[in-house]
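# Structure at a glance
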Amino acid sequence: MSQSYNRGLIEDFSRWREFEAGMWAWIFHKFTGWVLIGYLFTHIAVLSTAIPAAGAEQAVLAAEADIYTQTIVTLEELLLVRVLEVGLLAVAVFHMLNGTRLLLVDLGIGLESQDKSFYASLILTGAITVASVPTFIAGAF
Amino acid sequence: MAERYSSFQQGGTMWFLQRVTAVFLLVVLAFHFFLLHFVNHADEVSFLASSARMETLSYYSLMVLFLFTATFHGVNGVYNALVNQGLSGTKRTVIKWTLIAASALLIVQGVRTANAWAGGFPLF
Amino acid sequence: MSTQIPKQTEKAEETEAETEAETPSKGDERRAEKRRRADEKRRQRQAEEAEKAAADEHTIELRVFRYDPDVEGKQEPRFDTFHVPFEKGMTVLDALMYARDTYDSSLTFRHSCRQAICGSDAMFVNGGQKLACKTQISELDEPVRIEPLPHAEVTKDLVVDMEHFYDQMEAVEPYFQTNDVPDGELEEQRQSRENREKVKMSTRCIWCGACMSSCNIAAGDNEYLGPAAINKAYRFAMDEREGEDVKQKRLEIIEQEHGVWRCQTQFSCTEVCPKDIPLTEHIQELKREAVKNNLKFW
Amino acid sequence: MYEHDVVVVGAGGAGLRAAIAAQEEGADVAIVSKLHPVRSHTGAAEGGINAALRDADSWQDHAYDTMKGSDYLADAPAVEALCQESPEEVIQLEHWGMPFSREEDGRVSQRPFGGLSFPRTTYAGAETGHQMLHTMYEQVVKRGITVYDEWHVMDLAVTDEEDPADRTCHGVVAYDIQSGEISGFRASGGVILATGGMGQVFDHTTNAVANTGDGVAMAYRAGVPMEDMEFIQFHPTTLPSTGVLISEGVRGEGGILYNDEGERFMFEHGYANNDGELASRDVVSRAELTEVNEGRGIEDEYVHLDMRHLGEDRILDRLENILHLAEDFEGADGLTEPMPVKPGQHYAMGGIETNEHGETVVDGLYAAGECACASVHGANRLGGNALPELIVFGKRAGHHAAGKEMGEAEIPTGKSGEWEPADYEFEVEVGETGSREPAAADGGAVATDAESVLDAEVERAREFVEELLSRKGRNHAEIRSKVQKTMTGNVNVFREEPGLKETLGDLREARESYKDVAVSDPSRTFNTDLIHTIETRNVLDIAEALTMGALARREFRGAHWRKERQERDDENWLKHTLVSWNDGEPELWYKPAILEGENKTYEPKVRSY
Ligand SMILES: Cc1cc2nc3c(=O)[nH]c(=O)nc-3n(C[C@H](O)[C@H](O)[C@H](O)COP(=O)(O)OP(=O)(O)OC[C@H]3O[C@@H](n4cnc5c(N)ncnc54)[C@H](O)[C@@H]3O)c2cc1C
Ligand code: HEM
Ligand code: SF4
Ligand code: F3S
Ligand code: FES
């Protein structure tokens, strides 16, 4: 069994500089994937306040005073949550775009421009995120 | 001579399912985001509005399918990532079953929520 | 500034003094004397070199990784600096050979053909896996930093242990197998031009190990077959002269737990391969073959 | 001590084929090689393998072409064996999966090559050697043949009888480069030397750095004669800084050679008024050097090979590989500038004297491949004839060593046949310097039983290494570089008496200096300094024998040109040159070339194409 030899700090700290596009794509995809599944769990947790809410009076529901609606509204009032939501969008968009890139790679399409398609995913993610900021922030203030 | 690694795994099937679910998610997630952030704004959400959507069979089943695929895709992705990093042996078995349990929990809870909105399984 | 003087000189001498006190053998004395002389020579050389560097603008500064488990003063990895006069067409290997033959004959690296075919001299040059003999010095930023291949055990200086890489290469049954060799004497197997074209790139591998060293996954999972071995499997799996049943066996080999599914399409293998083999493409094609084979619905 | 039936030294094309063959015969085989097999220089061969595969072709024609190409110095029995068996060997490679280039109908492709009367050069793109080497290594892996890689063989363990013909080889002594261990390898069946070329004798060569002719030197010191050492092929188009080969294809496509004054010298200076750049290798090499010597070389070193006029499309289509080579190894862009080229050492026709079964005069010692001289190339090797030599004679040696019955050989070895002593007196003393220093050890050992011969040899190797590591002295690199300089200066494509004598003197000095050579790296781990120092010894022995042969042969035959007599002299020189170590006092002698083949005699004719 061989193992990598420790060549001290020089190697460990500066290695990332030498990463190729494909390695960054891999790291980002991983990161975004984990964020998304993490979010899915919290998302369902928050949404399941709808279960007790379902037992509430019609009037309460109509007045939007049920626990589900209250939770969501309270959360949405926090600026932090809004910012995190934009972040989530960015994460999701990148994961989708790069995921599409990976699906193409799996099909053997466009392998020569795999680095360009990664940069394109990054740029597009940025653009879409910026463009959607108004919608997400709307009503927060 | 090198050791032969022959433990034949159904890596192929899982790999393939990861891609298939990805294609599905690509469409549904886009739809989901669009519907709940752009068509309807998140801060305007209410139980009744959610309920109204959930009461249609097509939306309900799409969302449940969304939940299933997203859970599979996400949890399988996490599991693969760990295995790729060298997770093995008992640790692997333990984590595998923990993840499966978590997925089951997530799905049960998710379906219960959907049912709460729909007032039981939507029949039309 | 040069780092050619080992920082441990003093410490090394201390240790020598100790060993001498314990076992005052002639051999030890001689070795100690030799080391002292070597150090002195090294210092002298370094002074000369610095002078030369100042006098001649066309010198290249090399910073070379040094380590030798066997020699006191080299057991702690360090970087040595060499100044090598530049010549048109000079490759990293030329520069290393010059440094070795002129300044320090203990500078160790593998090399043989000098023409990118023996695959001995893959190393880590300015942060990338390169074949030293195929890398022009003029295309690199200075100082040129030369290290052994990452993620492999360092044997000495720029030499790494290739055993594991060889094991992986040999784990994929890397030999032609067929059940129907034509009977007639001097009768060859037929192969279409298209098929030969298909496997052509995959047969160019020179076993340099650059790809394996660059792959993050291989670094994390020691048992991962790695791009070169998978490419070797591809070379046979795609050869139409091998029969269908052999192909089944080949797919099983590459589908094993640490086989193709480990690849995360990071592409660094493809980027560094000195023979321009489209490794990721080959790996991906095998994945698709394997899926087709398993699911058999198209 | 390691024990096997057959020990093969070297893992290039010849060594791998020999190992496979011996194993097929049921022997327990081990390969000992200083490089991992796939690193061997066979991988560098580009052009192809000659084999008469087609109905319109015949092995007889191939043999005829080879005899003619050799300038009638090859031995017919060996040439006929080569040409008869090459087809089946090539098909064997095909059956092992070698990815040959293919025709429309799926058969292997063949192309024309210099000096061949039929396009019979079978190839795999421009990487035939690479494919062949890897295909054979795959078979070695398949068969599970033991390979000791990165073990440097230092010397042979041979008994010390007076007459080399009475001696027996019991094994080899090798140094494990990784660990510094020195160990004996006992071979009860035989030792097969397949150590390849000796390009490092010259300072500009297409050969690898590892091609130091170790096997030849070891066999020489053990008493086996070296045959036809003076015949060295120089290739006219190699890159000046590295010696990388620029294929003949460039000139074939219409590439032009220019000197510093922009003259197309092949025509303008009348070197080859008909064929110009496409004249044979030795003619073009001599022309280039003449230009440089007369002051018309670029930077006094090389000439230009220009292919720009062929146009980008054609170059990219047919010579793309060349663009990469020029770019990677010389930093020259073949599309926009001419490429610098000069002649470089390429191939050694001579080597360890063997018969057509690969046997040497010493019992149990075989040689095959470029290090051997069964004499299939004579005074000049045809392109594409070395690779078939590896597989044909590799296999023969392997079979014989494993005990296969192969009949009586027709080529005599040693002084068992007709021979005559040389009448040439060397003015400089040659051979061993002074008393027998460990640094200049003879191959023989006094004992006769295998065990003690090996032990003695191992002991001697240990002492030698200890000595090198512990004493102080000069670095081998300066000695090697001196040898390479004088060899390239005087024993190059142009050879004349005064220069050759000067070189013999220089070599004498180098031998003296070698007596106090030392290794400054004290390490036991991967000590390349030590390995190179041991190799330099071999380089020295070979350079000397080569120069002796070149001095003695006063005629112009094949690759060997002598100013004193610029024509072939069949009257006096239809004979092989042999140099025997003779316990440190080299002896020069001759034996006749065998021109009678199986069913015809190859009458010397003028070699013109
Ligand atoms: C650039 C180039 C192009 C060529 N093109 C062609 C061509 O197109 N057609 C053709 O027919 N011929 C060609 N040749 C010639 C041919 O390739 C060689 O003659 C042939 O490959 C030599 O093979 P070999 O097996 O004898 O030696 P090699 O392949 O050189 O192998 C020698 C082996 O011996 C081992 N070895 C050496 N010394 C020791 C030691 N002391 N201890 C242990 N092991 C040792 C080495 O490790 C190596 O494995 C070409 C040659 C060159 C240089
Ligand atoms: C919207 C469309 C999506 C696409 C196109 C997509 C695509 C992909 C692909 C192709 C992979 C496999 C990467 C590989 O194995 O090499 C992957 C991994 C992953 N995905 Fe998605 N995905 C999407 C949505 C999601 C969602 C909604 C989640 C969260 C629930 C998610 C979580 C993950 C995780 C955790 C991984 C594993 C990451 C890792 O390797 O560490 N993905 N995705
Ligand atoms: S695939 Fe390329 S990088 Fe990897 S070992 Fe082969 S030649 Fe080297
Ligand atoms: S770098 Fe590694 S992850 Fe795959 S594409 Fe290459 S093997
Ligand atoms: S020296 Fe052979 S590949 Fe670089």
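Residues numbered from 1 in each chain as written. Chains lettered and ligands numbered in written order. Predicted model: local features only at pLDDT ≥ 70, side-chain atom pairs only at ≥ 80, totals over all residues. Heavy atoms only, no water.

## Here we look at the overall build of chain A
Counting its secondary structure elements, chain A contains seven helices and zero strands. When the elements of chain A are put in sequence order from the N terminus, they spell out α-α-α-α-α-α-α. Counting the 141 residues in chain A, one finds 42% classified as buried. Partitioning the intrachain contacts of chain A with sequence separation of at least 6 by distance along the chain shows that 68% fall at a separation of at least 24. Summing over all exposed atoms, chain A offers an accessible surface of approximately 7,400 Å²; the carbon and sulfur share of this is 73%. (Helix = DSSP H or I, 4+ residues; strand = E, 2+ residues; numbered from the N terminus. Buried < 20%, exposed > 50% of the residue type's maximum accessible area, 1.4 Å probe, protein only. Contact = heavy atoms within 4.5 Å. Areas by Shrake-Rupley, 256 points an atom, 1.4 Å probe, with all protein chains shown as cover.)

## A short note on the sheet that holds strand β21 (residues 587-592) of chain D
Residues and elements named next belong to chain D. If you trace the six strands from one edge of the open sheet to the other, you get β17-β15-β10-β20-β21-β18, paired in mixed fashion. On the outer flanks of this sheet lie β17 (372-373) and β18 (420-421), each paired with one strand and no other. Pairing of strand β15 (residues 351-353) with β17, which is carried by two bridges, proceeds in the parallel orientation. The partner of Glu353 across the bridge, within β17, is Cys373. Against the sheet, helix α5 (residues 214-221) makes contact with β10 (226-227), β15 and β20 (575-580), and its axis sits at roughly 40° relative to β15, the strand it touches most. (Pairing = 2+ DSSP bridges. Axes fitted to C-alpha atoms, helices over the stretch in contact; angles between N-to-C directions.)

## Some details on the pairing of strand β11 (residues 232-238) of chain D
Residue and element names in this part refer to chain D. By the criterion of burial, β11 is predominantly enclosed, with seven of the seven residues buried. Bridge analysis of β11 against strand β14 (residues 339-348) gives five bridges, and the strand direction is antiparallel. Each residue of the ladder has a partner; that of Phe234, found in β14, is Gln345.

## Let's talk about the UniProt feature "transmembrane region" (unreviewed entry) in chain B
All names here are of chain B. Taken from the UniProt record, the annotation "transmembrane region" (unreviewed entry) applies to residues 20-39, 59-82 and 94-114. Between the end C-alpha atoms of residues 20-39 the distance is 27 Å, and the span holds 100% helix and 0% strand. Helix makes up 100% of residues 59-82 and strand 0%, whereas the separation of the span's terminal C-alpha atoms amounts to 34 Å. (UniProt positions renumbered as here; feature names shortened; annotations may be inferred.)

## Considering the interface of chain B and chain A
Between chain B and chain A, the contact holds 38 residues from the first and 40 residues from the second. Contact between chain B and chain A buries roughly 3,100 Å² in total, counting both sides, with carbon and sulfur atoms accounting for 77%. When the buried area of chain B at its contact with chain A is split by residue, Asp43, Phe47 and Leu106 of chain B rank highest and sum to 18% of it. Taken together, the links from chain B to chain A amount to one salt bridge. Among the salt bridges present, the one from Asp106 of chain A reaches Arg19 of chain B, with a minimum N-O distance of 2.4 Å. Our count for the contact surface shared by chain B and chain A stands at four residue pairs in polar contact (both at pLDDT 80 or more). Where the side of chain B that touches chain A is concerned, the elements lending two or more residues are α1 (11-39), α2 (47-54), α3 (57-84) and α4 (89-118) of chain B. Among the elements that take part in the side of chain B that touches chain A, α1 of chain B stands out by supplying 11 residues, more than any other. Residues that form the side of chain B that touches chain A fall into these classes: 22 nonpolar, 12 polar and four charged. (Buried area = accessible area lost by both parts, 1.4 Å probe. Salt bridge = Lys/Arg side-chain N within 4 Å of Asp/Glu carboxyl O. Polar contact = N/O pair within 3.5 Å; in protein donor to acceptor, adjacent residues only side chain to side chain. Nonpolar A, V, L, I, M, F, W, Y, C, P; charged D, E, K, R; others polar.)

## Thoughts on the UniProt feature "transmembrane region" (unreviewed entry) in chain A
UniProt annotation of "transmembrane region" (unreviewed entry) refers to residues 79-97 and 118-140 of chain A when read in the numbering used here. The annotated region residues 79-97 of chain A carries 100% helix and 0% strand content, and the separation between its end C-alpha atoms amounts to 27 Å.

## Re the coordination of the iron atom of ligand 2
Summarising the metal site, the iron atom of ligand 2 is bound by the protein donors His95 of chain A (NE2) and His73 of chain B (NE2), whose distances to it range over 2.0 Å. The site at the iron atom of ligand 2 holds six donor atoms, and with the angles between them running 82 to 180°, its shape is octahedral. Of this pair, His95 of chain A sits in helix α6 (residues 79-106) while His73 of chain B sits in helix α3, on two different chains. One exposure class covers both His95 of chain A and His73 of chain B, and it is buried. (Donors = N, O, S within 2.8 Å, 3.2 Å for Na, K, Ca; no water. Tetrahedral: all angles 85-135°; square planar, octahedral: opposite > 155°, others 65-115°.)

## A few points about the site of ligand 4
Residues and elements named next belong to chain C. As a matter of local geometry, ligand 4 sits amid 13 residues, with Cys215, Cys263, Gln264, Ser268 and Cys269 nearest to it. Listing elements by their share of the shell around ligand 4, those giving two or more residues are α10 (268-272) and α11 (279-295). The residue makeup of the shell around ligand 4, split by class, is eight nonpolar, five polar and no charged. (Near = heavy atom within 4 Å.)

## What about the sheet that holds β11 of chain D?
Residues and elements named next belong to chain D. Ordered by their spatial adjacency, four strands build an open sheet running β11-β14-β13-β12, and the pairing between neighbours is antiparallel. Looking at which strands have only one partner, the edges of the open sheet turn out to be β11 and β12 (256-258). When the angles between neighbouring strand axes are averaged without regard to direction, this sheet yields 40°. Of the pairings in the sheet, the one linking strand β13 (residues 303-306) to β14 comprises three bridges and is antiparallel in character. Its bridge partner being in β14, His304 is matched across the sheet by Pro340.

## Looking at α4 of chain B
Over its 30 residues, α4 of chain B runs 43 Å from end to end, which matches the ideal 44 Å to within 8%, given 1.5 Å per residue. Within α4 of chain B, burial applies to Arg92, Leu99, Ser103, Leu106, Ile107, Gly110, Thr113, Ala114, Ala116, Trp117 and Ala118 of chain B. Residues of α4 of chain B that are buried in the fold lie against α2 (21-47), α3 (50-53) and α5 (67-77) of chain A together with α2 and α3 of chain B. Directly after α4 of chain B, the chain includes Gly119 of chain B, whose backbone phi takes a positive value near 65°. (Expected span 1.5 Å × (residues − 1).)

## Focus on the arrangement of the chains
For this structure, the chain pair with the highest number of contacts among four pairs of chains in contact is chains C and D. The two units chain A and chain D never meet; even their closest C-alpha atoms stay 15 Å apart. The smallest C-alpha distance separating chain B from chain D is 8 Å, and no contact links them.

## So, the packing of aromatic side chains
Residues and elements named next belong to chain D. Across all of its chains, the model carries 27 aromatic pairs over all chains by this definition. Here the aromatic rings of Tyr2 and Phe185 are separated by 4.8 Å at their centres, their planes lie at 15°, and the arrangement is stacked. In this pair, Tyr2 sits in strand β1 (residues 2-9) while Phe185 sits in strand β9 (residues 182-193), placing the two residues 183 residues apart along the sequence. Seen from their ring centres, Tyr148 and Phe185 are 4.8 Å apart, and the 80° between their planes marks the pair as edge-to-face. Of the two residues, Tyr148 sits in strand β6 (residues 146-149) while Phe185 sits in strand β9, which places them 37 residues apart along the sequence. You'll find Tyr148 and Phe185 in the same group, each marked buried. Here the guanidinium or amino end of Arg111 rests over the ring plane of Tyr123, the centre of that ring lying 3.8 Å away. Here Lys415 stacks its cationic end above the ring of Trp589, 5.2 Å away from the centre of that ring. (Phe/Tyr/Trp six-rings, centres within 6.5 Å; stacked < 30°, edge-to-face > 60°. Lys NZ or Arg CZ within 6 Å of the ring centre and 35° of its normal.)

## Looking at the environment of Ala368 of chain D
Residues and elements named next belong to chain D. Assignment of secondary structure puts Ala368 in the loop between β16 (365-367) and β17. Accessibility expressed as a relative area gives 2% for Ala368, which makes it buried. Residues Ala368 and Ala194, 174 residues apart in the sequence, show an inter-C-alpha distance of 5.3 Å. Among all residues touching Ala368, those that are not within four sequence positions of it are Ala14, Leu193, Ala194, Phe393, Gly394 and Ala397.

## Examining the interface of chain C and chain D
Counting residues at the interface gives 63 residues for chain C, matched by 72 residues for chain D. Carbon and sulfur atoms supply 47% of the area buried between chain C and chain D, which totals about 5,700 Å² over both sides. Applying the counting rule to chain C against chain D returns nine salt bridges. Between Arg193 of chain C and Glu103 of chain D there is a salt bridge whose closest N-O contact spans 3.8 Å. Summed over the shared surface of chain C and chain D, the number is 41 residue pairs in polar contact (both at pLDDT 80 or more). Listed by contribution, the elements that provide at least two residues to the side of chain C that touches chain D are α2 (26-55), α3 (92-102), β6 (154-156), α4 (163-170), α5 (193-200) and α8 (226-237) of chain C. Sorting elements by how many residues they give to the side of chain C that touches chain D places α3 of chain C first, with four residues.

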